Amino acid sequence: MSVSAIIAAAGSGERFGAGYPKALIQLGDRTLLQHAIAALAPVVDQIIVAAPVGFEQQISQLIGDGITVVSGGSTRSESVRKALAVVTGEFVLVHDAARALASTDLAHRIISALQSGSTAAVPGLAEVDTVKSIDAQGRVTATFDRSTLRRIQTPQGFSTQVLRDAHESGKEATDDAGLIELLGGQVLVIDGEESALKITTPSDLNSALSFLGFNQSYRTGVGTDAHVFGEGRALWLAGLHWPDEVGVEGHSDGDVAAHAICDALFAATGLGDLGSNFGTDRPEYSDASGSTLMQQTLALVTEAGYVISNVTVQIIGNRPKIGARRAEAIAAISKALGGVSVSVSATTTDGMGLTGEGKGIAAVASALVYKQ
Ligand code: CTP
Ligand code: MG
């Protein structure tokens with residue numbers, strides 16, 4: 001059996017408010033229309049896109065050869081009717097570009113229902129809210145039995161002849177299945193998909209991004225460290241050796257920037273702190289360099305399922321002067337952390353406190369991470 005697909009993409013996207021047609025809105029790596037096409041292409045023989053008037057050529061160029069573009073109408077039904085005129089398949093799926101994330105599997109299940117003898121099959125989800133109807137004054141006139149209600153989605157599948165008859169009836173409905181119902185035809189509802197939501201507003205786009213795995217839940221952490229200067233010690237700071245500077249006391253290399261960053265990462269991921277991970281019960285880390293500790297921290301954070309979005313560190317002290325080696329410091333920290341985005345800044349404290357008195361160096365770091 002041959003199956004055609006109509007993608008209704010001719011709306012203006014008023015409620016979304018992008019200032020251009022909704023089908024052309026970008027969702028991740030492609031437009032809503034391209035998502036919809038990619039989902040249906042594997043299971044249909046012909047695709048027809050109803051494009052907004054004036055955007056036909058732009059859309060043709062975007063989606064490439066092999067897909068028919070027709071000019072849409074002023075209502076969704078009219079757009080579908082215009083596309084229906086060039087359908088060649090025995091069966092037809094009618095799909096909204098706005099339901100960009102409906103899956104190939106959903107389209108496949110609709111086609112299976114048609115193959116099993118249904119002349120109209122649509123996806124639907126259970127209603128979770130109580131639905132009431134109201135009068136013009138906002139007073140409730142009826143409460144529906146929620147268990148019998150379904151929220152209907154697309155793609156909707158039809159025998160092409162049945163859908164043509166329905167569209168020729170001249171009746172109006174808010175979806176294609178509705179036209180069939182008005183003529184007394186049977187419509188089968190199969191399980192829909194939460195991800196097949198209709199993208200109407202920017203907040204829906206956000207939900208769609210979440211379905212694609214964007215919009216991770218982010219976590220932040222801060223970390224600080226301070227060490228006092230120690231004559232005769234080499235200075236290591238931000239993963240770099242500073243040859244003409246006085247170093248700081250402490251075991252390890254005393255790299256306060258690296259230590260603050262590790263603490264910020266442990267705080268963000270809830271994995272404890274520098275002491276609990278590399279402290280006295282882990283003697284192998286007692287002389288570890290700042291770079292090694294950052295590498296080890298990255299390994300622990302990754303093992304716990306987190307990805308580092310970025311880290312920042314501010315070095316607080318009268319010396320060394322950071323500016324001239326900022327790019328080097330960023331590169332060294334980023335390398336130790338697997339290439340993440342890093343920023344390094346520096347400040348003095350106006351002669352006050354530990355580092356202002358010139359006794360040592362401190363650092364404050366922040367980290368942003370998300371769960372893989
Ligand atoms: N549609 C269409 N032709 C129209 C109106 C709508 O093909 N004249 C399509 C839309 O492109 C969309 C689907 O029908 O893929 C569902 O419509 P809707 O979500 O309402 O999209 P828009 O009409 O673009 O949005 P709005 O109502 O906010 O303007
Ligand atoms: Mg609309």
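Because the structure is predicted, anything quoted here is derived from the model rather than measured.

Rules behind the numbers
Residues numbered from 1 in each chain as written. Chains lettered and ligands numbered in written order. Predicted model: local features only at pLDDT ≥ 70, side-chain atom pairs only at ≥ 80, totals over all residues. Heavy atoms only, no water. Phe/Tyr/Trp six-rings, centres within 6.5 Å; stacked < 30°, edge-to-face > 60°. Helix = DSSP H or I, 4+ residues; strand = E, 2+ residues; numbered from the N terminus. Buried < 20%, exposed > 50% of the residue type's maximum accessible area, 1.4 Å probe, protein only. Lys NZ or Arg CZ within 6 Å of the ring centre and 35° of its normal. Near = heavy atom within 4 Å. Polar contact = N/O pair within 3.5 Å; in protein donor to acceptor, adjacent residues only side chain to side chain. Areas by Shrake-Rupley, 256 points an atom, 1.4 Å probe, with all protein chains shown as cover. Nonpolar A, V, L, I, M, F, W, Y, C, P; charged D, E, K, R; others polar. Pairing = 2+ DSSP bridges. Axes fitted to C-alpha atoms, helices over the stretch in contact; angles between N-to-C directions. Contact = heavy atoms within 4.5 Å. Core = buried A, V, L, I, M, F, W, Y, C linked by side-chain atoms within 4.5 Å. Domains from an automatic or database assignment. UniProt positions renumbered as here; feature names shortened; annotations may be inferred. Arc of directions from axis to C-beta. Salt bridge = Lys/Arg side-chain N within 4 Å of Asp/Glu carboxyl O. Parallel < 35°, antiparallel > 145°, perpendicular 65-115°, else oblique. Left-handed = near helix turned anticlockwise from the far one by under 90°.

Trainee: Quick question: what am I supposed to make of the packing of aromatic side chains here?
Mentor: A ring pair, where both rings are aromatic, is described by two values, the distance of the centres and the angle of the planes. Under the criterion given, the structure shown has three aromatic pairs. Consider the rings of Tyr218 and Tyr370, whose centres lie 5.3 Å apart with planes at 65°: the pair is edge-to-face. Taken together, the residues Tyr218 in strand β13 (residues 218–237) and Tyr370 in strand β17 (residues 360–371) connect sequence positions 152 residues apart. Note on Tyr218: relative accessible area 45%, which makes it partly exposed. Pairwise contacts between aromatic rings join Phe266, Phe278 and Tyr285 into one cluster. Lying across the ring of Phe229, Arg319 places its NZ or CZ 5.8 Å from the centre.

Trainee: Explain the environment of Asn206 to me, please; I cannot follow it from the model alone.
Mentor: Mapped onto the elements, Asn206 comes out in helix α7 (residues 202–211). Here Asn206 falls in the partly exposed class, since its relative accessible area comes to 43%. Considering only alpha carbons, one finds Asn206 and Leu27, 179 residues apart in sequence, at a separation of 9.1 Å.

Trainee: Is there a simple way to think about the site of ligand 1 in this case?
Mentor: Around ligand 1, 18 residues are found, and the nearest of them are Ala8, Gly13, Glu14, Lys22 and Ser79. Taking Lys22, its side chain carries an N or O atom lying 2.7 Å from an oxygen atom of ligand 1. A distance of 3.5 Å separates a nitrogen atom of ligand 1 from a polar backbone atom of Ser74. In the complex, the protein chains occlude 87% of the 560 Å² of accessible area that ligand 1 would expose alone. The class makeup of the residues in the shell around ligand 1 is five nonpolar, seven polar and six charged.

Trainee: Please explain the sheet that holds strand β14 (residues 240–248) as it appears in this structure.
Mentor: Within a sheet, each strand pairs with its neighbour through backbone hydrogen bonds, oriented either parallel or antiparallel. With mixed pairing, five strands are arranged side by side in an open sheet as β14-β13-β17-β15-β16. Two strands lie at the open edges of the sheet, namely β14 and β16 (341–347), each paired on one side alone. The sheet shows a mean angle of 35° between the axes of neighbouring strands, direction not considered. Where strand β15 (residues 306–316) lies against β16, seven bridges are found, and the strand directions are parallel. Residue Ile315 lies in a different strand from β16, and its bridge partner there is Ala346. Packing of helix α8 (residues 256–269) onto the sheet brings it into contact with β13, β15 and β17, and relative to β13 it is tilted by some 160°. On top of the sheet, helix α11 (residues 326–336) reaches β14, β15 and β16; it is set at about 135° to β16, its chief contact.

Trainee: Quick question: what am I supposed to make of the nonpolar core here?
Mentor: Where a protein is soluble and globular, its nonpolar side chains tend to be buried together. The biggest cluster of nonpolar side chains holds 44 residues, and the ones touching the most others in it are Ile261, Leu265, Val311, Ile333 and Leu337. The element contributing the most residues to this core is α8, with ten residues. In contact with Val311, other than residues within four places in its own chain, are Ile261, Leu265, Ile333, Leu337, Ser341, Val342, Ser343, Ser366 and Ala367. Counting residues in hydrophobic clusters, the runner-up holds 30 residues, among them Val3, Leu24, Ile63 and Ala97.

Trainee: Sorry, what's going on with the pairing of β14 here?
Mentor: Consecutive side chains along a regular strand alternate between the two faces of the sheet. Of the pairings in the sheet, the one linking β13 to β14 comprises five bridges and is antiparallel in character. Its bridge partner lying in β14, Leu235 is registered against Trp242. A loop of two residues connects β13 with β14, the two strands running antiparallel in sequence, and Ala238 in this loop sits at a positive phi of about 55°.

Trainee: Looking at this structure, I do not really get the domain arrangement of the chain. What am I missing?
Mentor: Many descriptions give the size of an interface as the accessible area lost when the pieces come together. Per the domain assignment, the segments of the chain are domain 1 (3–211) and domain 2 (218–371). Summarising the inter-unit geometry, the C-alpha centres of domain 1 and domain 2 are found 53 Å apart.

Trainee: Looking at this model, I keep getting lost on the UniProt feature "domain: 2-C-methyl-D-erythritol 2,4-cyclodiphosphate synthase" (unreviewed entry) in the chain. Mind explaining?
Mentor: When the UniProt feature table is mapped onto this chain numbering, "domain: 2-C-methyl-D-erythritol 2,4-cyclodiphosphate synthase" (unreviewed entry) sits at residues 219–369. Taken end to end, residues 219–369 has its terminal C-alpha atoms 5 Å apart, with 32% of it in helix and 37% in strand.

Trainee: What exactly am I supposed to notice about α7 here?
Mentor: Count 3.6 residues to each turn of an α-helix, and residues three or four apart come out pointing the same way. Burial in α7 covers these residues: Asp204, Leu205, Ala208 and Leu209. With its buried residues spanning 150° around the axis, α7 presents them on a single face. Where α7 ends, the next residue or the one after it, Gly213, has phi of about 90°, a positive value.

Trainee: Is there a simple way to explain the pattern of salt bridges in this structure?
Mentor: Between side chains of opposite charge, a pair can form as their charged atoms come close. Applying the stated criterion across every chain yields a total of eleven salt bridges. Between Arg30 and Asp29 there is a salt bridge, with its nearest N and O atoms 3.2 Å apart. Judged by its relative accessible area of 59%, Asp29 falls in the exposed class. Shared partners join several salt bridges into a network, and the residues in it are Arg76, Asp96, Arg99 and Asp176.

Trainee: I'm lost on the pairing of β13 in this one. Help?
Mentor: With eleven bridges connecting them, β13 and β17 associate as antiparallel partners. Looking at the pairing, Ala226 lines up with Ala362 of β17.

Trainee: When you look at the packing of helix α3 (residues 76–84) against helix α5 (residues 160–168) in this model, what are you seeing that I'm missing?
Mentor: Geometry of a packed helix pair, given as the angle between the helix axes and the separation of the axes. Between α3 and α5, the shortest axis-to-axis distance is 11 Å and the interhelical angle comes to 130°. Judged by the inter-axis angle, α3 sits oblique to α5. For the pair α3 and α5, the crossing hand works out as left-handed. Here α3 contributes Ser77, Val80, Arg81 and Leu84 to the contact with α5, which in turn contributes Leu163, Arg164 and His167. For the contact of α3 with α5, a count of residues per class yields three nonpolar, two polar and two charged.

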